[in-house]
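This is what each chain is made of:
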Amino acid sequence: MITIEDKKFVPFIERNTIETRIAALGQSISQDYEGKKPLLVVVLNGAFMFAAELMKNIHIPCEITFVRVSSYAKTESTGQLTEVLGLKESIRDRHVIIVEDIVDTGLTMNKLLFQLSTQRPGSIQVATLLFKPSALKTPLSVKYVGFEIENRFVVGYGLDYDEQGRNLDAIYVLPENH
Ligand code: IMP
């Protein structure tokens, strides 16, 4: 068990299991993108560790870049808008794979897909380490999923609780009756 601030988390997915699964995702991507030089677009901060492990397991020419997503309310009536920050290179005609730590409601990914697709990439797919299908609030196609998990809060392997826990080399979960 580990403690972060006021919360106690218990082991959930161990390091070996995570790395074995990511190796399989890398293998699939290597086959699917042969000759296409995919561009991994990594969503910071949470996906940094997954992205590093994934890229080590892609055995075809590929490139990587990093973005941040910021949510802000322009006016009260328009609600939350999402801005993609830091994408310097053109993704026109590129084969883009968005790399995320977790898809929860899917709202962030949905907006990101929309924003990036306006730049007319050759193709665009999503790779996420974790996916909470029961939390999904919008239709979303996620091609590469590490683990489908139930709708509980997790930390570790890049994911944080209040910016802490990202350094853990395994994934921990908040017990249901915490
Ligand atoms: P969505 O827009 O609801 O899919 O939110 C996705 C973002 O919420 C992720 O990129 C994470 O930063 C954060 N998030 C969602 N669930 C968790 C969790 O269980 N642990 C840590 N962060 C989470």
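Parameters and conventions
Residues numbered from 1 in each chain as written. Predicted model: local features only at pLDDT ≥ 70, side-chain atom pairs only at ≥ 80, totals over all residues. Heavy atoms only, no water. Pairing = 2+ DSSP bridges. Helix = DSSP H or I, 4+ residues; strand = E, 2+ residues; numbered from the N terminus. Near = heavy atom within 4 Å. Polar contact = N/O pair within 3.5 Å; in protein donor to acceptor, adjacent residues only side chain to side chain. Areas by Shrake-Rupley, 256 points an atom, 1.4 Å probe, with all protein chains shown as cover. Nonpolar A, V, L, I, M, F, W, Y, C, P; charged D, E, K, R; others polar. Salt bridge = Lys/Arg side-chain N within 4 Å of Asp/Glu carboxyl O. Buried < 20%, exposed > 50% of the residue type's maximum accessible area, 1.4 Å probe, protein only.

K.L.:
Please clarify how the sheet that holds strand S2 (residues 7-13) should be interpreted in this entry.
P.N.:
Two strands in a sheet stick together by hydrogen bonds in their backbones, pointing the same way (parallel) or opposite ways (antiparallel). Sheet architecture is open: four strands sit in the order S1-S2-S10-S9, paired in antiparallel fashion. Every interior strand has two partners, whereas the edge strands, strand S1 (2-4) and strand S9 (154-155), have only one. Here S2 pairs with strand S10 (residues 171-173) via three bridges, running antiparallel. Across the sheet, residue Val-10 finds its bridge partner in S10, namely Val-173.

K.L.:
I tried to follow the site of the ligand on my own but got confused; where do I start?
P.N.:
Near the ligand lie 15 residues; those nearest to it are Asp-104, Thr-105, Gly-106, Thr-108 and Val-154. The separation between an oxygen atom of the ligand and a polar side-chain atom of Glu-100 is 3.3 Å. Contact with the protein chains covers 79% of the free accessible surface of the ligand, which is 490 Å². When residues in the shell around the ligand are grouped by element, the largest group, four residues, is from strand S6 (residues 95-103). Each residue belonging to the shell around the ligand can be placed in one class, and the counts come to six nonpolar, three polar and six charged.

K.L.:
What is the right way to look at the pattern of salt bridges in this model?
P.N.:
Note that side chains of opposite charge can pair when their charged atoms are close. Tallying each qualifying case throughout the model produces eleven salt bridges. A salt bridge links Glu-63 to Lys-37; the shortest N-O distance between them is 3.5 Å. Residue Glu-63 is found in strand S4 (residues 63-73), and its partner Lys-37 is found in the loop between helix H1 (15-32) and strand S3 (39-44); the two are separated by 26 residues along the sequence. Accessibility expressed as a relative area gives 30% for Glu-63, which makes it partly exposed. Connected through salt bridges with shared partners, the residues Arg-15, Glu-19 and Asp-169 form a single ionic network.

Honestly, that's just the spatial picture; any functional story needs more than this.
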